[in-house]
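Chain and residue survey
The lines below spell out each chain.
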Amino acid sequence: MSRLAIKGGKPVRRKPFPFYKTVGPEEKRAVMRVIDKGILSDFLGSWHKRFYGGHEVRRLEEEWSRYFKVKHAIAVNSCTSGLYCAVAAVGVEPGDEVIVSPYTMSASATAALIFNGVPIFADIENDYFCLDPASVASRITKRTKAIITVDLFGQPYDAAKINRIARSKGLFVIEDAAQAPGARYKDRYAGTLGDIGVYSLNCHKHIQCGEGGVVVTNDARLAEKVRLVRNHAEAVVGKKGEKDIVNMIGYNFRMTELEAAVSREQLKKLRRFVHRRIENCNYIASKLDKIPAISSSPTRNGARHVYYLQPFKFDQRIAGVHRDKFLNAVRAELAPTRLSEGLGVRIWSGYCSPLYTQPVYQKKIAYGKKGFPFMGAHYKGKVSYSQGICPNVERIQKDELFLNDLMHTSFTKKDLNDVIAAFEKVWEHRKEVV
Ligand SMILES: *Cc1c(COP(=O)(O)O)cnc(C)c1O
């Protein structure tokens, strides 16, 4: 094989990888249908028939709940806002603790903050990177109100164990399924494994409408609270005659008819997208697993992983070189993805710094400058965000995990083979990577 690209050799591939395109003529027709009708949103922020939104939004909600086999689906304008609604609905109050993962998109932890709960970080599983049930159990106090679990990278959280812990302690489970539409655990879809689940329809996810999200639950009371928070709760509860007005301070989290129409078409494509991702990732894993220092991350027993990103572990003791240096050499062999050239080659060392390293937690400054809600008379606990509170996530992030996005639904076999060839080439030449 030729010299490594980082040493001036010819790279495996120069041509950009295909753009991640999920929309086509179907979505275009759906948008035109809405434009021709002229009603781009049909919500009213008061107690009225139109409080629940327009035709496309309601149809999306029906279709979503049928697909995921769940009683209620509520469309919102992002997964972030959906998580906020969920935290409000389960009744998190100032001084309550909410157990969260440190290894996720920041909104799955800040959701706890939004109604003035205190995020308590538990560690992640070594193999699956989701919340570790034993660590969750160790974090529970009499102040704990809820657990926000994340189906990270498309792998469902350990619903058997975490739900059992939650039930025994009377806690709510909020499931952030942003990365896992179509994933399954036993006979249920990810998103429907906890008390309330949230999907994302942002442009990076399996299916998208630009920006959007959907909240699901089998609990009618939680569903109604989510609908209220979505649409100016405080202005509605009076006339509607709601008795329980805890956290019924609303936002405008409404989805437009355009986004709903696009999402309806995207939902029809989900099954195909998921199968294609699984096929592509299995193929890449079957080849990279032959490299002794690389192992594809296993799928939980009884689960279906849907690969928002494809996780691997790298063992530097076997390779004789650190993950980051090895991956620098791999990236040099490959090309960026079309229309996101500025982001470089989409293979990453680790995922994100543990969330508790963010300034909001390190400085304990969220609302105002006096430490609310992390300290003060309302909060009887003492929360630590020090280095070392979650050793697994710190080690995995620093040395072990890498992620591959060069496998999505627009990839051909030739594209996948280039990715594999880059890893194989760098492995052959690993002694030169120092
Ligand atoms: C993308 C993502 C979110 C946020 O989704 P938005 O729709 O952009 O608000 C939340 N959690 C996780 C795990 C995500 O991947």
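Treat the numbers as computed from the prediction; the structure is a model and nothing was measured.

Thresholds applied
Counting of residues starts from 1 at the beginning of each chain's written sequence and follows it residue by residue. Local features in this predicted model are restricted to residues of pLDDT 70 or higher, and side-chain atom pairs are both shown and tallied only at a pLDDT of 80 or more, whereas totals for entire chains, interfaces and linings draw on every residue. Water and hydrogen atoms play no part in the side-chain values, which are based on all heavy atoms of the structure. We define the nonpolar core as a collection of buried residues of types Ala, Val, Leu, Ile, Met, Phe, Trp, Tyr and Cys that are connected through side-chain atoms lying within 4.5 Å of one another. Burial classes follow relative accessibility: with a 1.4 Å probe on protein chains only, a residue under 20% of its type's maximum area counts as buried, one over 50% as exposed, and anything between as partly exposed. Numbering of helices and strands starts at the N terminus; helices are DSSP runs of H or I of at least 4 residues and strands are runs of E of at least 2. Whether a residue is near a molecule or strand depends on its heavy atoms: if one lies within 4 Å, it is near. The term polar contact refers here to a pair of N or O atoms within 3.5 Å; inside protein, the definition further demands a hydrogen-donor-capable atom paired with an acceptor-capable atom, and it admits residues adjacent in sequence only when both atoms are side-chain atoms. Note that accessible areas follow from Shrake-Rupley with a 1.4 Å probe, and for residues the cover is restricted to the protein chains shown. Under the scheme applied, nonpolar residues are Ala, Val, Leu, Ile, Met, Phe, Trp, Tyr, Cys and Pro; charged residues are Asp, Glu, Lys and Arg; polar residues are all the others, including Gly. An automatic or database domain assignment supplies the residue ranges for each domain. For this analysis, residues touch if any pair of their heavy atoms sits within 4.5 Å. Note on definitions: buried area is the accessible-area loss of two parts on being combined, 1.4 Å probe, summed for both. Any Lys or Arg side-chain nitrogen located within 4 Å of an Asp or Glu carboxyl oxygen qualifies as a salt bridge.

Buried together is how nonpolar side chains tend to be arranged in soluble globular proteins. Among the nonpolar cores identified, the biggest contains 79 residues, and Tyr103, Phe121, Ile147, Ile148, Ile174, Ile196 and Tyr385 are the most heavily contacted of them. Looking at this core, the element that brings in the most residues is helix H3 (residues 79-89), giving 8 residues. Counting 61 residues, the second-largest nonpolar core is a separate cluster that includes Phe17, Ala180, Ala293 and Ala422.

This part covers the site of the ligand. Taken together, 14 residues sit near the ligand, with Thr80, Asp176, Ser200, Asn202 and Lys205 positioned nearest. A distance of 2.5 Å separates an oxygen atom of the ligand from a polar atom in the side chain of Thr80. In the model, a nitrogen atom of the ligand is placed 2.6 Å from a nitrogen or oxygen of the Asp176 side chain. The fraction of the free accessible surface of the ligand (380 Å²) that becomes covered by protein chains is 92%. Partitioned by chemical class, the residues of the shell around the ligand number 4 nonpolar, 8 polar and 2 charged.

This part is about the environment of Arg323. Looking at the secondary structure, you find Arg323 in helix H11 (residues 323-333). Sequence separation between Arg323 and Ile39 is 284 residues; the distance between their C-alpha atoms is 52 Å. Here Asp324 takes part through its side chain, which lies 2.8 Å from a polar atom of the side chain of Arg323. A distance of 2.8 Å separates the side chain of Arg323 from the backbone oxygen of Leu401, its partner in a polar contact.

Omega for the bond connecting Phe372 with Pro373 falls within 30 degrees of zero, at 5 degrees, which places this linkage in the cis form. With respect to the element layout, Pro373 can be found in the loop between helix H12 (359-362) and helix H13 (391-400). At Phe129, a residue that is not glycine, the phi angle is positive and equals roughly 70 degrees. The backbone of Lys364 sits at a positive phi, close to 50 degrees, despite the residue not being glycine. With respect to the helices, strands and loops of the structure, Lys364 is situated in the loop between H12 and H13. The buried category is assigned to Lys364, whose relative accessible area is 18%.

Along its sequence, the protein is organised into domain 1 (5-21 + 271-351 + 394-433) and domain 2 (25-266). The distance between the C-alpha centroids of domain 1 and domain 2 comes to 31 Å. With 28 residues of domain 1 at the interface, the matching set in domain 2 holds 33 residues. Summing the contributions of domain 1 and of domain 2, the shared interface buries around 2500 Å²; its carbon and sulfur component is 55%. Interface area lost by domain 1 to domain 2 is led by Arg300, Tyr308 and Tyr351, which between them contribute 33%. Inspection of the domain 1/domain 2 interface yields 1 salt bridge. A salt bridge links Glu125 to Arg300; its shortest N-O distance comes to 2.8 Å. Our count for the domain 1 to domain 2 interface comes out at 17 residue pairs in polar contact (both at pLDDT 80 or more).

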